[in-house]
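# Fold and geometry: a report
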Amino acid sequence: MYFTKQLKRIFNEPTLFITLLAIWLLLGVFVIYPIVMVAMTSLKDYDGNFSLNTYKMLFTKVYFRRPLFNSLKLGATVASISAIIGYIFAFAVTRINVPGKRIFTTVATFPIVSPPFVIALAAILLFGRNGIITHDILKDSLKIDIYGFGGLSLVETLAYFPTAFLSLEGILRSINPALEEASLSMGYSKWRTFWKVTFPLSMPGIFSAWLLVFAQSMADFGNPMILSGNYQVLSVAAYLEITGSFNLSTGSGLAILLLIPTIVAFTLQKYWLSKKSYVTITGKPSTMSILEPSKAVKTLFTVVLLIFTAAILMFYGTVFYGSFTKLWGVDHTLSLKNYKFVFDVGLEYIKDTIILAAVATPISGILGMLIAYFVSRKEFPGKRLTEATSLLTFAIPGTVVGIGYLLSFNDRPLMLTGTAAIIVLIFVFRNLPVGVQNGVAALEQIDRSIEEASLDMGASSATTFWKVTLPLITPAFFSGLFFTFVKSMTAISAVIFVVSGSWNLVTVAILGSVENSDLAQAAAYSYVLIFIVVVMMFLLRMLTYRFSYERKIAR
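The model shown is predicted, which means the values in this text are computed figures rather than measured ones. (Residues numbered from 1 in each chain as written. Predicted model: local features only at pLDDT ≥ 70, side-chain atom pairs only at ≥ 80, totals over all residues. Heavy atoms only, no water.)

### Some words on the UniProt feature "domain: ABC transmembrane type-1" (unreviewed entry) in the protein
Look at the UniProt record and you will see "domain: ABC transmembrane type-1" (unreviewed entry) annotated at residues 68–269 and 350–540. As annotated, residues 68–269 has a helix share of 79% and a strand share of 0%, and its two end C-alpha atoms lie 21 Å apart. Secondary structure within residues 350–540 divides into 76% helix and 0% strand; the distance between the first and last C-alpha atoms comes to 20 Å. (UniProt positions renumbered as here; feature names shortened; annotations may be inferred. Helix = DSSP H or I, 4+ residues; strand = E, 2+ residues; numbered from the N terminus.)

Okay, structure coming up:
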């Protein structure tokens, strides 16, 4: 009965119904279909017949089994260290009066807005065979092998601990300080209050941050591609099987093995832990009290923050310095040669990347807001399935998406391989979940009576969305645009499978320079990319402020 009512309500609004059908069609073709193609290809033998031989081979041969265990080991290590460092950063920022909080917070977010393998590039410049520390300072007296598990753990920890930090910062800020004050007033020490009150309340956030970083590490492609050496991981193994051996079934099987743990981690984080939140927001006004520790502990926190901040600055500073050297490892004379090369030979890469990211960004932003509006404000059959499907690409590693698009759109009637469209579509649907989540969060803060007033006055749902709802969620809309643009500019794992000679990307050029051992050129490409992203960040912040309803009200 309820289902019939929902159907009638949708049929009564033709615009709404057609838009919903279009969203289902797009999600079905560009989210579900590529994953199904990867799964089906992994279940075929060389003659195209159904077979389980691929999985039998993946689990019986050590050569194929090793990448799975390596990826799980790396993911668990990086997630554990990142959660600890992220918690220290978050606790220091929210509970301790350490000097320079803004500087620590800003520097910690550098890895989020930079290309995925800048830190790996810096690690080679510092600790590689011709590195500043290993070769120039230590004169090769100490054998440090940056390639392999140790180097990858270091690089991925620096790259992904900001995710844990930002997640835990929000959790710690949400815990009502009155609980800690109550514990202190009952005579408990600050140390006991931390272990008995603050830490247990933040446990769901710690697990959530651990799962997020674990999924990011499992899905990482850029850093292992540069630094893995003989330590094979699933994302690189699948890429090499597809592009090197042209073995589609084995590559797809490895992609499925990569998909399973990331989907499990995403599901646990999204749907299980969200129901176990111990965060205590009472709605009552309360002043933020600081659980100020002793001077010695405060000094220890400050030192830890300084060490990691200095490490991040050293890594990014090394890449900046390297971009001005003539040829890294051979001639360290300062020169603008690499930047001249980037703006001459590499100009087409920059243009293509900006054009494709600029086309994908508004499409992803508007589609994300539309889906958020439907799942937040409308009742229709399959509502939860629509939301889950729109968020699915967030959990799917880029390698799996790239292989899926390669298999799905390489033949008629959906022949897209080699076109700009396939790259734009990957950008749109890879980054769609953030737009949806931002939109849902913003809509939940808006009183439904505002939209109901518009509907009562005779406006349709479509008019209400464009005239009332969309202006109110403008900040979330621009936030989604920024994320999509940044991630499109720095994407590599998914698009590496579909780029062609007609459309190339800066990230592919960076990877090519690293493979050619021209690290100075790769560093110059990286800093040009970072500069474009930073300019775009300020531009979108200005637009967000320009169109925010708070500013319009103030005027």
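Following the structure, the description resumes.
### Digging into the nonpolar core
With 168 residues, the main nonpolar core has Leu 227, Tyr 405 and Phe 429 as its most contacted residues. In terms of domain composition, this core takes at least three residues from each of domain 1 (1–42 + 325–330 + 338–554) and domain 2 (44–113 + 147–292). Filtering out sequence-adjacent residues up to four positions away, Phe 429 remains in contact with Leu 26, Leu 27, Phe 30, Val 31, Leu 367, Thr 393 and Tyr 405. (Core = buried A, V, L, I, M, F, W, Y, C linked by side-chain atoms within 4.5 Å. Buried < 20%, exposed > 50% of the residue type's maximum accessible area, 1.4 Å probe, protein only. Domains from an automatic or database assignment. Contact = heavy atoms within 4.5 Å.)

### Concerning helix 10 (residues 177–185)
Within the sequence span of helix 10, burial applies to Pro 177, Glu 180 and Ser 183. Along the long axis of helix 10, the arc covered by the buried residues comes to 115°, so they all point the same way. Remark: Gly 187 follows helix 10 within two positions and exhibits a positive phi of approximately 100°. (Arc of directions from axis to C-beta.)

### Some remarks on the packing of helix 2 (residues 14–42) against helix 18 (residues 383–395)
The geometry of helix 2 relative to helix 18 is characterised by a closest axis approach of 10 Å and an angle of 50° between their N-to-C directions. As judged from the angle between their axes, helix 2 and helix 18 are oblique. With respect to the hand of their crossing, helix 2 and helix 18 are arranged in left-handed fashion. Seen from helix 2, the contacting residues are Ile 23, Trp 24, Leu 27, Val 31, Ile 32 and Ile 35; seen from helix 18, they are Thr 386, Thr 389, Ser 390, Leu 392 and Thr 393. Class assignment of the residues belonging to the contact of helix 2 with helix 18 gives a composition of seven nonpolar, four polar and no charged. (Axes fitted to C-alpha atoms, helices over the stretch in contact; angles between N-to-C directions. Parallel < 35°, antiparallel > 145°, perpendicular 65-115°, else oblique. Left-handed = near helix turned anticlockwise from the far one by under 90°. Nonpolar A, V, L, I, M, F, W, Y, C, P; charged D, E, K, R; others polar.)

### A look at the domain arrangement of the protein
For the protein, the assigned domains are domain 1 (1–42 + 325–330 + 338–554) and domain 2 (44–113 + 147–292). For domain 1 versus domain 2, the distance between C-alpha centres works out to 23 Å. At the junction of the two partners, domain 1 supplies 30 residues and domain 2 supplies 29 residues. Summing the contributions of domain 1 and of domain 2, the shared interface buries around 2400 Å²; its carbon and sulfur component is 77%. When the buried surface of domain 1 facing domain 2 is broken down by residue, Ser 42, Ala 395 and Pro 397 rank first, second and third, together holding 22% of it. In this assembly, domain 1 and domain 2 are joined by zero salt bridges. Viewed at the interface, domain 2 and domain 1 are joined by three residue pairs in polar contact (both at pLDDT 80 or more). Those elements that place two or more of their residues in the side of domain 1 that touches domain 2 are helix 2, helix 18, helix 19 (398–408), helix 23 (474–489) and helix 24 (506–515). The dominant element in the side of domain 1 that touches domain 2, judged by the number of residues it contributes, is helix 2, at six residues. (Buried area = accessible area lost by both parts, 1.4 Å probe. Salt bridge = Lys/Arg side-chain N within 4 Å of Asp/Glu carboxyl O. Polar contact = N/O pair within 3.5 Å; in protein donor to acceptor, adjacent residues only side chain to side chain.)

### Some thoughts on unusual backbone geometry
The backbone of Ser 517 sits at a positive phi, close to 65°, despite the residue not being glycine. Of note, Ser 517 is situated in the loop between helix 24 and helix 25 (519–547).

### A look at the pattern of salt bridges
The tally for this structure, following the rule as stated, stands at five salt bridges. The shortest N-O distance in the salt bridge between Lys 383 and Glu 379 comes to 3.2 Å. Salt-bridge contacts for Glu 387 lead to Arg 384; the nearest nitrogen and oxygen are separated by 2.6 Å. Here Arg 384 and Glu 387 lie together in helix 18, a separation of three residues that amounts to about one turn.

### Examining the environment of Val 113
With respect to the secondary-structure elements, Val 113 resides in helix 6 (residues 110–113). The contact partners of Val 113, leaving out residues within four places of it in the chain, are Phe 482, Val 486 and Val 533.

### Focus: the environment of Ile 23
Topologically, Ile 23 is positioned in helix 2. A relative accessible area of 3% places Ile 23 in the buried class. For the pair formed by Ile 23 and Ile 371, sequence separation is 348 residues and the distance between their alpha carbons is 7.6 Å. Not counting chain neighbours up to four residues away, the residues in contact with Ile 23 comprise Leu 367, Leu 370, Ile 371, Phe 374 and Thr 386.

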